[in-house]
Every structure is written in C-alpha cells, then in structure tokens.
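Structural overview for review
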Amino acid sequence: MKKKKFPLTRVILAAVIAFFYIPIVYTVVFSFNSSRSLTHFSGFSLRWYEKMFSSSTTMNAIWMTFVVAILATILSTIIGTITVIGLSKCSRPLRSAVGMINDLPIMNPDIVTAIGLLMFFATMEISKGFVTLLLAHVAFCTPYVMLSITPRLRTLDPNLADAALDLGANPWQALWHAIIPQLMPGIVSGALIAFTMSFDDFVISYFVTGNGVQNISILVYTMSKRINPSINAISTLVIVIITAVLILFNLIPIIRDRAMARRKKEETA
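Residues numbered from 1 in each chain as written. Predicted model: local features only at pLDDT ≥ 70, side-chain atom pairs only at ≥ 80, totals over all residues. Heavy atoms only, no water.

A count of helices and strands for the chain gives 11 helices and 0 strands. For the chain, the sequential pattern of α-helices and β-strands runs α-α-α-α-α-α-α-α-α-α-α. For 269 residues, the compact-globule formula gives about 18 Å, and the C-alpha radius of gyration of the chain, at 24 Å, lies well above that figure. Structurally, the chain occupies a C-alpha span of about 75 × 70 × 40 Å along its principal axes. Split into buried and exposed, the 269 residues of the chain put 32% on the buried side. Long-range pairs, those at least 24 residues apart, make up 69% of the contacts in the chain with a sequence separation of at least 6. Accessible area of the chain: about 17500 Å², with a carbon and sulfur share of 70%. (Helix = DSSP H or I, 4+ residues; strand = E, 2+ residues; numbered from the N terminus. Rg over C-alpha atoms; globule rule 2.2 N^0.38 Å. Buried < 20%, exposed > 50% of the residue type's maximum accessible area, 1.4 Å probe, protein only. Contact = heavy atoms within 4.5 Å. Areas by Shrake-Rupley, 256 points an atom, 1.4 Å probe, with all protein chains shown as cover.)

Next up, the structure:
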C-alpha cells in the first residue's frame, strides 16, 4: 500500500497560517504574564488587565476609538449608499469622473491623504480634535463603501425603481423597500470595511487629531517607545471583540435560514 504524499501546498498553507496567527497567540498569552517581560512567561496574572481598566487614558482611548469608528461607519455608509444610487441615474461621463475621484483616496498612500486633510483643516481654520478626527475618518471610509456597493448595484435590474413606482410606491418607498434590500449585502460588507479601516487607522488619525483626543492606535504608538505589557492586554481585548463580532455576523444568517426553513416546514405540514 502506497503512502500518501503530503502535498507541498498544505505545507505552504500551514506556514502561512502560522506566520499570521502565532504572533496573535503570542500576544494573548503574554497579556496574562505576571512580569513585564515580553519574552519569558513568569506566571498567570490579570495584572495588566487591571492596569488597563484602571487607566483613564487607556479607557478614554478605547472609548474614543469605538465612538469614532461607529459614527464614521454610519455616516460613510449613508453617504456612500446615497451617492452610488444617485450616480446610477447620472450620465456615464459623470459616473466615470466620480469613480476616478473616488479611487484617489484608496490608491493614495495614507501619508498623502493625512497631509492633505491636515492642510485642508488648517486652511479652513478648524481646530484639530474630535470633529476633525471624525470628518477625516468619514472622508477615507466613504470610498470603500462606494467601492463595495457599486458592483452589487450593477447587477440589479435598472427598471426596478420604475416597477416599484408603477405599483404605487412613492420614490422614498421605492428606494427603501425595493432598492436598499437588494443592495444590503454590499452595504453590510462596505460598513464592515469602513469600521475596520476606521478602527485600525493610525497615520491619518495622528495628523488630524489634537486637544488630547487619541484613539487606540495612537495610544499604542506612544506605549511602543517603552516596554509596556498593557499593549498586550489592549490587543487581546480588541481581538476578543472582533472575534465575537465576526462569529455573530456568521451565526445570524445561519440562524435566520434555519428559522425560515423551520417555518416553511411547519407551513407545509
């Protein structure tokens, strides 16, 4: 009996997975280290979590990160969705021009966008702080939302809105009940990308924030100048939250499909 050869692709896949996930596991493990060492595990302890939760600076940064990310996600999703739907009714040259403009923030390096926003706020004499941080995040998140929704909109029947109007719906009802539900997969994926981009951003946030307003990435940058194991605790908290959100988003469709299947089975019984 011949032995099965272990494919090289599996080895490469295992190496890639290890490369990405071993540092995450390392961070989680050393967040429970009782000493300040980042190389030697001395014993299990919640010391750094206690320090993190007792630090007003850390908790304010975490709170600010979530507030900005959530608000930026909501605003950029609304703006991006309305813009994409509006552009679908415009002429082709205008759609092409807006599409090229929309690609600029995505293709530009973050440092270029950051300097541009900094100069814009300085020209408009807007004091750097929460407002500038939120506006900057909305500005660079909206193109990702539009990029996510546009392919979905192109697959829709262009006569969908007219059909809804012919059936008695007003323009708002046609938009809300006929078009938006069909775009929902693109809207959700765009919102998730926007939240991730806002939550993870450092370069742009560092340039446009001020007056003591900082998010997690800026806080971690200040901590990285010296050994501070609280970084591991903060990172672990973020990992747990993101994992919980991903599990929730994957479970909701499964639960909904099972509920619909069970309802159909009861109706046919």
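Turning our eyes to something else, we now look at the nonpolar core. One recurring pattern in soluble globular proteins is that nonpolar side chains are buried together. Counting residues in hydrophobic clusters, the biggest one holds 26 residues, and the most contacted among them are Leu117, Ala136, Ile149, Leu183, Ile204 and Val208. Of all the secondary-structure elements, those providing two or more residues to this core are α3 (56–87), α5 (110–123), α6 (130–154), α8 (171–200) and α9 (203–208). Examining the composition of this core, we find that 8 residues originate from one element, α6, more than from any other. Among all residues touching Ile149, those that are not within four sequence positions of it are Gly80, Thr81, Val84, Leu183, Gly186 and Ile187. (Core = buried A, V, L, I, M, F, W, Y, C linked by side-chain atoms within 4.5 Å.)

Attention now goes to the packing of α3 against α6. In contact at an axis separation of 6 Å, α3 and α6 are set at 45° when each is read in the N-to-C sense. One finds that α3 runs oblique with respect to α6. Regarding α3 and α6, the two cross each other, and that crossing is right-handed. (Axes fitted to C-alpha atoms, helices over the stretch in contact; angles between N-to-C directions. Parallel < 35°, antiparallel > 145°, perpendicular 65-115°, else oblique. Left-handed = near helix turned anticlockwise from the far one by under 90°.)

This paragraph deals with the side chain of Asn33. As for its placement among the helices and strands, Asn33 is situated in the loop between α1 (8–30) and α2 (47–54). A relative accessible area of 0% places Asn33 in the buried class. Looking at Asn33, its side chain comes within polar contact range of the main-chain oxygen of His40, at 2.9 Å. (Polar contact = N/O pair within 3.5 Å; in protein donor to acceptor, adjacent residues only side chain to side chain.)

Using the criterion set out here, one finds 13 aromatic pairs in the structure. Between Trp172 and Trp176, the aromatic rings sit 5.9 Å apart at their centres with planes inclined by 10°, giving stacked as the arrangement. Of this pair, Trp172 and Trp176 both sit in helix α8, 4 residues apart, roughly one helical turn. Accessibility expressed as a relative area gives 56% for Trp172, which makes it exposed. Classification of Trp176 by relative accessible area gives partly exposed; the value is 48%. The interplanar angle of 70° and the centroid separation of 5.7 Å between the aromatic rings of Tyr206 and Tyr221 together place this pair among those described as edge-to-face. (Phe/Tyr/Trp six-rings, centres within 6.5 Å; stacked < 30°, edge-to-face > 60°.)

Running from amino to carboxyl end, α3 crosses helix α10 (residues 216–223) at an angle of 145°, the nearest separation of the two axes being 8 Å. On α10, the residues that touch Thr57, Thr58, Ala61, Ile62 and Thr65 of α3 are Ile216, Leu219 and Met223. Grouping the amino acids of the contact of α3 with α10 by side-chain chemistry returns 5 nonpolar, 3 polar and no charged. (Nonpolar A, V, L, I, M, F, W, Y, C, P; charged D, E, K, R; others polar.)

Those residues of α2 that fall on the buried side of the exposure criterion are Trp48, Tyr49 and Met52. An end-on view of α2 places all buried positions within 100° of arc, on one side of the element. The outward face of α2, more than 90 degrees from its buried face, is lined by the exposed residues Glu50 and Ser54. Close packing links the buried residues of α2 with α3 and α11 (230–268). (Arc of directions from axis to C-beta.)

This paragraph deals with unusual backbone geometry. Look at Glu125: it is not a glycine, yet its phi comes out positive at around 55°. Within the secondary structure, Glu125 sits in the loop between α5 and α6. The exposure class of Glu125 is exposed, given its relative accessible area of 73%.

This next bit is on the environment of Thr268. In this structure, Thr268 sits in helix α11. The class for Thr268 is exposed, based on a relative accessible area of 69%. Taking C-alpha positions, Thr268 is 52 Å from Thr27, a pair spaced 241 residues apart along the chain.

A word on the environment of Phe41. Mapped onto the elements, Phe41 comes out in the loop between α1 and α2. For the pair formed by Phe41 and Val29, sequence separation is 12 residues and the distance between their alpha carbons is 8.4 Å.

The next point concerns the side chain of Ser205. Here Ser205 shows up in helix α9. By relative accessible area, Ser205 is classed as buried at 0%. If we ignore the near neighbours within four places in the chain, the residues touching Ser205 are Leu133, His137, Asn215 and Ile218.

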